[in-house]
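Coordinates in review
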Amino acid sequence: MANTPSAKKATRKIEARTAVNKSRRSRVRTFIRKVEEAITAGDHAVAFAALKAAEPEIHRAAGKGIVHANLAARKVSRLNSRVKALNA
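A few points on the structure. (Residues numbered from 1 in each chain as written. Predicted model: local features only at pLDDT ≥ 70, side-chain atom pairs only at ≥ 80, totals over all residues. Heavy atoms only, no water.)

Structural notes on the overall build of the protein chain
Quick note on the threshold: Strands here are runs of E lasting at least two residues and helices are runs of H or I lasting at least four, both read from the DSSP assignment and numbered beginning at the N terminus. With C-alpha atoms as the basis for the radius of gyration, the globule rule is written as 2.2 Å multiplied by the number of residues raised to the power 0.38. Throughout, a contact is declared for two residues whenever any of their heavy atoms are within 4.5 Å. Under the convention used here, a 1.4 Å probe and the Shrake-Rupley method define accessible areas, while residue burial counts only the protein chains that appear.
When you go through the protein chain residue by residue, the secondary structure sums to three helices and zero strands. Its helices and strands in sequence order give the protein chain the pattern α-α-α, from N to C terminus. The globule rule puts the C-alpha radius of gyration for 88 residues at 12 Å, and the 18 Å found for the protein chain is more than 25% above it. Referenced to the eigenvectors of the C-alpha coordinate spread, the extents of the protein chain come out at roughly 60 × 20 × 15 Å. Long-range contacts, defined as pairs at least 24 residues apart, comprise 56% of the intrachain contacts of the protein chain with a sequence gap of at least 6. Here the protein chain has roughly 6200 Å² of accessible surface; of this, 54% comes from carbon and sulfur atoms.

Structure, rendered in structure tokens:
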């Protein structure tokens, strides 16, 4: 339990940041899910458009520290190769 005023303020700040981070993480997952669904449906054009929308969101999350930069790059790379495979 926080006793000092500064510890109480820190707790409030942590709660606020947690809410923002949770929202951003959820947003990224939604974009990734849209790409996954388009890939499953086998529609290259829709999957490509969804990937182009998801890529900046994923990298933005990495920039904000929501996910690690390597994880973001790996996700984009793997999604890109799967979308590319649809066209072949």
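Observations concerning the side chain of Glu 57
Stated formally: Between buried and exposed lies partly exposed: a residue is buried under 20% and exposed over 50% of the maximum accessible area for its type, with that area taken using a 1.4 Å probe on protein chains only. Between N or O atoms, a polar contact is any pair within 3.5 Å; within protein, one atom must be a potential hydrogen donor and the other a potential acceptor, and residues adjacent in sequence are included only when both atoms are from side chains.
Checked against the element boundaries, Glu 57 lands in helix H2 (residues 44–64). Look at Glu 57 and you get buried, because its relative accessible area is 10%. There is a polar contact of 3.0 Å between the side chain of Glu 57 and the side chain of Arg 27. With residues near it in sequence (within four places) discarded, Glu 57 still touches Arg 27, Val 28 and Phe 31.

Here's the deal with the packing of H2 against helix H3 (residues 69–87)
Rules: To get an axis, a line is fitted to the C-alpha atoms, and for a helix only the part in contact is used. The angle between two axes follows their N-to-C directions and goes from 0 to 180 degrees. The labels follow the angle: roughly parallel below 35 degrees, roughly antiparallel above 145, roughly perpendicular from 65 to 115, and oblique for the rest. By the convention adopted, Pro, Cys, Tyr, Trp, Phe, Met, Ile, Leu, Val and Ala count as nonpolar, Lys, Arg, Asp and Glu as charged, and the other residues, Gly among them, as polar.
Close contact between H2 and H3 brings their axes to 10 Å; oriented N to C, the two are set at 175°. Relative to H3, H2 is oriented roughly antiparallel. Contacts between H2 and H3 pair His 44, Ala 47, Phe 48, Leu 51, Glu 55, Ile 58, His 59 and Ala 62 from the former with Ala 69, Ala 72, Ala 73, Val 76, Leu 79, Asn 80, Val 83, Leu 86 and Asn 87 from the latter. Grouping the amino acids of the contact of H2 with H3 by side-chain chemistry returns twelve nonpolar, four polar and one charged.

Looking at the nonpolar core
The cut-off we apply is this: Put simply, buried Ala, Val, Leu, Ile, Met, Phe, Trp, Tyr and Cys residues joined by side-chain atoms within 4.5 Å make one nonpolar core.
Grouped together as the largest cluster of nonpolar side chains are 18 residues, with contacts concentrated most on Val 35, Ile 39, Ile 58, Leu 79 and Val 83. What Ile 39 contacts, discounting residues up to four positions off in sequence, is Ala 47, Leu 79, Arg 82, Val 83 and Leu 86.

Side note on the packing of aromatic side chains
Two measures describe an aromatic ring pair: the distance that separates the ring centres and the angle between the ring planes. Here is the rule we go by: We call Phe, Tyr and Trp rings a pair once their centres come within 6.5 Å, taking the six-membered ring for Trp, and we label the pair stacked below 30 degrees between planes, edge-to-face above 60, and tilted otherwise. Geometrically, a charge over a ring is one whose NZ (Lys) or CZ (Arg) sits within 6 Å of the ring centre while staying within 35 degrees of the ring normal.
Counted according to the given criterion, the structure contains zero aromatic pairs. The positively charged end of Lys 34 is found above the aromatic ring belonging to Phe 31, 5.7 Å away from the centroid.

Just geometry here; none of it tells us what the structure is for.
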